[in-house]
Amino acid sequence: MLLALPFAAGAEGSATGTARAVEPNTLVPAGDLRYAPAAQPDRIVASPAADPARGFQVSWRTSAGVQAPRLELVVAGDSPDVGEPRRLVARTSVFGTENGVGHQHRVEVDGLQPDTLYAFRVQGAGGWWSPWRQLRTAAEPGMPLEFLYFGDTQNKNASHGSRVLLEALRHAPDARLALFAGDLVSGGDGEDDNEWGEWFDIVAPVAATMLVAPAMGNHEYAEEFEDTPQERRMMGAHWPHAFALAGNGAAGAEASTYWFDMHDARFVVLDGTSALDLGTARAQAAWLDGVLGDAGSGGSPRAWTIVVVHQPMFSPRQDRDNALLREHVLPVLERHRVDLVLQGHDHVYGRRGGLVEGQGTPQYVVSVAGAKQYRLSPEARATMAPVAEDTQLYQRVRIDGDVLRYEARTATGRLYDAFSIEGDRASGRRIVEHVEGRIDQRDCTRAATLKGRADRCWE
């Protein structure tokens, strides 16, 4: 006997015209403490050190009362006998949320060998340990690198975001890095620990096998409302506890900007919200110039450069204009001919080339992985290609010698955008479009969202 579904999937409204309820941001019922801190370690994520060939940082959470737990590390082998592990003691901070008070732990792992598979586990309380997980360190320059890039996850992570990340893993089994372009959760009202819990849940399969490098979005800031004065903008409580980052960022944005090298690429993560609202645009631009040029870090020795920032240089959404980023940051990106600028914030898909005459780069990309979907502006339709509305996506990038291959795929794995950047920086690079196999342009077919908003496609 077949059971009738409560509503039809896909288009708004059921087949009988019955109105559909607006889905909440989390699957957690009101009052349920599903994500209360426990003795068992959770929210485990490893992030890149400045040199991920020789180290990485790990953060995780437990209930209160767990002081200075250990991380155990071994070179991964084929036997369940791991031998005598290297033991590192964590630094611990107290962190209270609406789900209770927990302890957040972090360890900096260093002294590793390049391109080596390591196994590690972290300690909880009362005899608890995490499962062993494996992570391969970065290789030296000259070896191919595959990585993933996700736009905003933000809304309904467990319900809708999870399948995007799982599909990405299916198509990129060799990926060693996952970049997240900000707005990991919606947050903003003080009741967001459930959202963070669900984000860590959907990221867990990714984080179990590769490094995770997040950018900070405006929704990672507290008091994130449209009418909030900029001077009240402050970093949300979760960010400094949830991630152990490289710690080599720009003045005034040290906790949310950083850079690292992997294989033939230098990655730089900016904080667009701090630049736009907290007055650090000039400082971040100067720092970026140093990281990519001859000052600061000593200049980029890598053949490829990728920058991640939440707010786009060229916004594809109507009535958004990040002028300070274009004034201070954009000239640095163009002058150094950054290859990819990976962005989020606007909940559509759009790509446009750089402004450097006669050069194929930078390529500016905006994408969205989560359920909230906006509408494209007429300017975006005129200046970007391809573009998309009402589409959850992930991006797979592979660098091999003088070729960078980029693919954007939908939540079901269908190819939406593909191109290569080919050649070396000295003699100039060119863009090669790969149109075979791409699906047709996707546009929003709804007049309004379930909440009646005509400026969005989906909540």
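Computed from a prediction, not measured in an experiment: that's the story for all the values here.

Quick notes on the rules
Residues numbered from 1 in each chain as written. Predicted model: local features only at pLDDT ≥ 70, side-chain atom pairs only at ≥ 80, totals over all residues. Heavy atoms only, no water. Pairing = 2+ DSSP bridges. Helix = DSSP H or I, 4+ residues; strand = E, 2+ residues; numbered from the N terminus. Axes fitted to C-alpha atoms, helices over the stretch in contact; angles between N-to-C directions. Contact = heavy atoms within 4.5 Å. Bend = angle between axes of the 7 residues up to and from the residue. Buried < 20%, exposed > 50% of the residue type's maximum accessible area, 1.4 Å probe, protein only. Disulfide = S-S within 2.5 Å. 1 Å grid on protein atoms, 1.4 Å probe; cavity = no way out; pocket = protein on both sides within 12 Å on 5 of 7 lines; lining within 4 Å. Points joined across faces, edges and corners; volume = space filled by probe spheres on them. Polar contact = N/O pair within 3.5 Å; in protein donor to acceptor, adjacent residues only side chain to side chain. Lys, Arg positive; Asp, Glu negative; His and termini not counted. Salt bridge = Lys/Arg side-chain N within 4 Å of Asp/Glu carboxyl O. Expected span 1.5 Å × (residues − 1).

1. What about the sheet that holds strand 7 (residues 117–122)?
One open sheet accounts for 4 strands, arranged 4-3-7-8; its pairing is antiparallel. Each having just a single partner strand, strand 4 (86–89) and strand 8 (133–136) make up the two edges of the open sheet. Averaged over all adjacent pairs, the angle separating strand axes in this sheet is 30 degrees, with direction ignored. Relative to strand 4, strand 3 (residues 70–75) runs antiparallel, the two sharing 4 bridges. When the sheet's bridge partners are listed, leucine 73 is paired in strand 4 with arginine 86.

2. Side note on the pairing of strand 6 (residues 100–109)
Both strand 2 (residues 56–63) and strand 6 contribute to a ladder of 8 bridges, which runs antiparallel. Across the sheet, residue threonine 62 finds its bridge partner in strand 6, namely histidine 103. As consecutive antiparallel partners, strand 5 (residues 91–97) and strand 6 are separated by 2 residues.

3. Observations regarding the sheet that holds strand 9 (residues 145–150)
With mixed pairing, the 7 strands of this open sheet are ordered in space as 11-10-9-22-23-24-25. Strands at the two margins of the open sheet, each flanked by one partner only, are strand 11 (211–214) and strand 25 (430–433). For this sheet the average axis-to-axis angle between neighbouring strands, irrespective of direction, equals 20 degrees. The sheet contact formed by strand 9 and strand 10 (residues 177–180) spans 4 bridges and is parallel. Opposite phenylalanine 147, over in strand 10, you have leucine 177 as the bridge partner. In this fold helix 1 (residues 157–171) packs onto strand 9, strand 10, strand 22 (393–400) and strand 23 (403–410), with an angle of close to 30 degrees to the strand it touches most, strand 22.

4. Observations regarding the pairing of strand 22
Two elements, strand 9 and strand 22, share 5 bridges in a ladder whose sense is antiparallel. Of the residues in strand 22, the one forming a bridge with tyrosine 149 is glutamine 395. Bridge count between strand 22 and strand 23: 8 bridges; the pairing is antiparallel. Residue leucine 393 lies in a different strand from strand 23, and its bridge partner there is threonine 410. The loop that links strand 22 with its antiparallel partner strand 23 comprises 2 residues; one of these, glycine 401, has a positive phi angle of about 65 degrees.

5. Topic: helix 2 (residues 193–207)
Residue aspartate 201 marks the point of greatest curvature in helix 2, where the axis turns by about 30 degrees; the proline proline 205 follows within four residues. When helix 2 is considered as a whole, its buried residues turn out to be Asp193, Asn194, Glu195, Trp196, Gly197, Glu198, Trp199, Phe200, Ile202, Val203, Val206 and Ala207.

6. Focus: the state of the cysteines
Disulfide: a covalent bond formed between the sulfur atoms of two cysteine residues. In total, this model carries 1 disulfide according to the counting rule given. The disulfide that involves cysteine 444 links it to cysteine 457, with 2.2 Å between the sulfurs. Because the sign of the S-S torsion sets the handedness, a value of about 90 degrees for the bond joining cysteine 444 and cysteine 457 places this disulfide among the right-handed ones. Taken together, the residues span a long stretch of sequence, with cysteine 444 in the loop between strand 25 and strand 26 (456–458) and cysteine 457 in strand 26 at a distance of 13 residues. As far as the burial class goes, cysteine 444 and cysteine 457 line up, both buried.

7. Considerations on empty space enclosed by the protein
What the rule picks out here adds up to 1 cavity of 30 Å³ or more. In this model, the largest cavity occupies a volume close to 70 Å³. If you trace the largest cavity, you find it lined by Pro37, Arg43, Arg61, Phe95, Thr97, Gly100, Gly102, Gln104, Asp193, Phe200, His238 and Ala242. Counting only elements with at least two residues in the lining of the largest cavity, the list comes to strand 5, strand 6, helix 2 and helix 3 (238–242). For the lining of the largest cavity, the leading source of residues is strand 6, giving 3 residues.

8. Description of the environment of serine 93
Position of serine 93 among the secondary structure elements: in strand 5. A C-alpha to C-alpha distance of 28 Å links serine 93 and leucine 27, two positions 66 residues apart in sequence. Of note is the side chain of serine 93, whose polar atom sits 3.1 Å from the side chain of histidine 241.

9. Brief notes about the side chain of aspartate 183
Positionally, aspartate 183 belongs in the loop between strand 10 and helix 2. Buried aspartate 183, no salt bridge; nearest opposite-charge side chain is lysine 372, N-O distance 6.7 Å. A distance of 2.8 Å separates the side chain of aspartate 183 from the backbone nitrogen of histidine 219, its partner in a polar contact. Apart from the residues lying within four places of it in its own chain, the contact partners of aspartate 183 are Asp152, Thr153, Gln154, Gly217, Asn218, His219, Glu220, His310 and His345.

10. Quick word on the pattern of salt bridges
For the structure shown, the criterion picks out 38 salt bridges. Aspartate 339 is the salt-bridge partner of arginine 429, the closest N and O atoms lying 2.8 Å from each other. Taken together, the residues arginine 429 in the loop between strand 24 (415–422) and strand 25 and aspartate 339 in the loop between helix 6 (323–335) and strand 17 (340–343) connect sequence positions 90 residues apart. Across the pair, aspartate 339 and arginine 429 agree in class, each one buried. Put simply, glutamate 407 and arginine 409 hold a salt bridge, and the shortest N to O gap is 3.1 Å. Three or more residues joined by partner-sharing salt bridges are found here, namely Asp42, Arg43, Arg61 and Asp193.

11. A word on helix 6
For helix 6, built from 13 residues, the straight-helix expectation of 18 Å at 1.5 Å per residue is met to within 8% by its first-to-last C-alpha distance of 18 Å. The largest bend in helix 6 amounts to roughly 45 degrees and is located at valine 329, with the proline proline 331 lying one to four residues further along. Buried within helix 6 we find Leu325, His328, Val329, Leu330, Val332, Leu333 and Glu334. Buried residues along helix 6 sit against helix 4 (272–277), helix 5 (281–292), strand 16 (304–308), strand 17 and strand 19 (363–366).

Fair warning: the whole summary comes from geometry, so function is off the table for now.
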